[in-house]
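Structural features, examined
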Amino acid sequence: YKENPTFPKDFLWGASSSAWQVEGAVAEDGRSTAIIDLNSKKKKPYADNSVAADHYHFYKEDVKLMKEAGFTSYRFSIAWSRIYPDNSGVPNQLGIDFYNNLINELVNNGISPIVTLYHYDMPVWVDEEFNGWYGRGIIDAFDKYARTCFEEFGDRVKYWLAINEQNMQIVYGNWLGVCKNSETWFEDKWKVNHIMNLCHTKAVIACHELVDGGKIGPVPGMVPFYPESASPEDQIATMNAEELTEKIWNDFDANREYNGFIKRYWKEHNIDPDIRPGDMDLVSQAKIDFFGINCYRSNVAKASSIDSKFQEIGLNKSGKKGNFVYPNYPGIFEQTENPFVDTTDWDWEIDPVAMRYLLRYMDDHYHLPMVITENGYGAHEKLNEDGKVHDIERIKFLKENIYQIGLAIEDGAKVFGYNPWSFTDLLSTGNGMAKRYGLVYINTTDENVLDLKRIPKDSFNWYKEVITSNGAKV
Ligand code: BG6
């Protein structure tokens, strides 16, 4: 291979965020409360999101910095509770105005918006009215919200993502706020998942109906699994692990039907996912255009004995910082550690090669275009004495990931953009500002809201050069 892989001419270079993690202003201009606002206040380790990076007020300055870095894309999410704060059916004009202003600012600066409709921020009224993702009432409510977004913003927004990491929300239901009863989640998750699939399906149909040239896709949270050894049993366990954490979602999204693995799994566990007449007809009418790809790390699987103890994925009980318990599905797979890769401050595997592996895997299976919607390095960070942040480890991480993406493109994967997490520092899902991901430092802490000054880190300046050279100078 050449030293630096070549990126396509019109490759989109940008970064990523989500509404509840970056915006703040939770009670402003008619936005109503989201469940995550309540969780962020009452539950450690969530951090208070009422200010976050205050992007709601700083968006012009933020877009100016994006322009300075040479961005051609920016992936962000819309807060449902800003557009529909209640069940009146009347959209909130001030919420629409905010996103119109942000989108105009981006487009006027040559930055293509890539917009997620739902990134973990369920409005309280939707939860109360329809029992959140458990009730079929959400299907029409989500359809209405999606249609409003397509109608209001679709003239300028051409790339859409309906639901962030649906697979992770089901797999980590307790962690990401979807699960209401851990006792029954083993079965409930499949009913919830089916309802999410119907919401996603309707959003895909509506996007194609309402957005001229609009493209829409899912955005799975991908953590590729490697087998622990070359034993045939470990190979099957690894395939099983991929199925139960990622592949059954990707197969469904691309092929518009549940795959054989999950049907067998439901049958063996006496699970009824509550698929009703007409559902699969609807599903078959939608066709996705691309995959958004979130990928930070990799995992390892090994064979699991049928007599072992079931261990559901859940919150960190292992004593490791910000990590999930390694699960065990008896007879299916067991997760284990990888001695070949290093880890971050938060025990996330640092494995850029996983990115190439994953992009090739996705291309082999689905032959669809892909855009990286998340990838990044979370770390403890403070301003240095010189008033700067020298985030050498982040530069190394991003550099190696970009290099591997370039190789995957040369391998044939159709990747059209890279949007690492995150542009500015923002709240991590579980660790607030203690775990920072940004190319731009935000002067604030979990304990005290400071002046929120935007301070480009070393990675910002480095990324600017990457973009100027279209990836040639990694
Ligand atoms: C992704 C989510 O899975 O991971 C983001 O889409 C999240 O919302 C990111 O912030 C990093 O995870 P964490 O827990 O470190 O914030």
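The rules behind these values
Each chain carries its own residue numbering, running from 1 in the direction its sequence is written. For this predicted model, a pLDDT threshold of at least 70 governs which residues receive local features, and a threshold of 80 or more governs which side-chain atom pairs are given and counted, while totals over whole chains, interfaces and linings are taken from all residues. Strand pairing is assigned whenever DSSP detects at least two bridges linking the two strands. In this text, helices come from DSSP runs of H or I with a minimum length of four residues, and strands from runs of E with a minimum of two, each type numbered from the N-terminal end. Contact between two residues is assigned whenever their backbone-derived C-beta positions fall within 7 Å. Every axis corresponds to a line fitted to the C-alpha atoms, with the helix fit spanning only the stretch in contact, and the corresponding angles, defined between N-to-C directions, vary from 0 to 180 degrees. Here the C-beta atoms are placed from the backbone, and a residue counts as buried if at least 20 other C-beta atoms lie within 10 Å of its own, exposed if 12 or fewer do, and partly exposed otherwise. Nearness here is judged by the C-beta atom: place it from the backbone, and if it falls within 6 Å of a molecule or strand, the residue counts as near that partner. Each residue gets one label: Ala, Val, Leu, Ile, Met, Phe, Trp, Tyr, Cys and Pro are nonpolar, Asp, Glu, Lys and Arg are charged, and the others, such as Gly, are polar. pLDDT is defined as a per-residue confidence score from the predictor, taking values between 0 and 100. In this scheme, roughly parallel covers angles under 35 degrees and roughly antiparallel covers those over 145, while 65 to 115 is roughly perpendicular and the rest are oblique. Put simply, a crossing is left-handed when the front helix is turned counterclockwise from the back one by less than a right angle, and right-handed when it is turned clockwise.

1. Notes on the sheet that holds strand S11 (residues 333-336)
Sheet strands associate in pairs through backbone hydrogen bonding, adopting either a parallel or an antiparallel arrangement. Overall, mixed pairing links the 4 strands, which are arranged S7-S9-S11-S10 in an open sheet. Two strands bound the open sheet, and with one partner strand each, they are strand S7 (225-227) and strand S10 (328-329). Its contacts with the sheet place helix H10 (residues 232-255) against S7, strand S9 (299-302), S10 and S11, and it is angled at close to 170° to S7.

2. Description of the pairing of strand S2 (residues 73-77)
Every other side chain in a regular strand lies on the same face of the sheet, so the side chains alternate between the two faces. Where burial is concerned, most of S2 is hidden: 5 out of the 5 residues are buried. Side-chain alternation along S2 places Ser73, Arg75 and Ser77 on one buried face and Tyr74 and Phe76 on a second face that is also buried.

3. Section: the site of the ligand
Around the ligand, the structure places 14 residues, and the nearest of them are Gly221, Gly378, Ser428, Thr429 and Gly430. Its residues assigned to classes, the shell around the ligand shows 2 nonpolar, 9 polar and 3 charged.

4. Notes on the confidence of the model for the chain
Taken residue by residue, the chain gives an average pLDDT of 94. The fraction at 70 or more is 96%. Interface confidence for the predicted complex, expressed as ipTM, amounts to 0.98; the pTM equals 0.95.

5. Examining the sheet that holds strand S6 (residues 221-222)
Read across the open sheet, the 5 strands follow the order S1-S15-S14-S8-S6; overall the sheet is parallel. Each edge of the sheet is formed by a strand with only one pairing partner; in this case those strands are strand S1 (12-13) and S6. For strand S14 (residues 370-374) and strand S15 (residues 415-418), the ladder comprises 2 bridges, and the chain directions are parallel. Of the residues in S15, the one forming a bridge with Ile372 is Tyr418. This element, helix H14 (residues 392-411), spans S14 and S15 of the sheet and lies at about 170° to S15.

6. Digging into the packing of helix H13 (residues 352-366) against H14
Two elements in contact, H13 and H14, have axes whose closest approach is 8 Å; the angle formed by their N-to-C orientations is 25°. Of the possible angle classes, the one that applies to H13 and H14 is roughly parallel. Where H13 crosses over H14, the two elements pack in a sense that is right-handed. Contact with H13, carried on its side by Pro352, Val353, Met355, Arg356, Leu359 and Arg360, involves Glu400, Asn401, Gln404, Ile405, Leu407, Ala408 and Asp411 of H14 and no other residues of that element. Here the contact of H13 with H14 is composed, by residue class, of 7 nonpolar, 2 polar and 4 charged.

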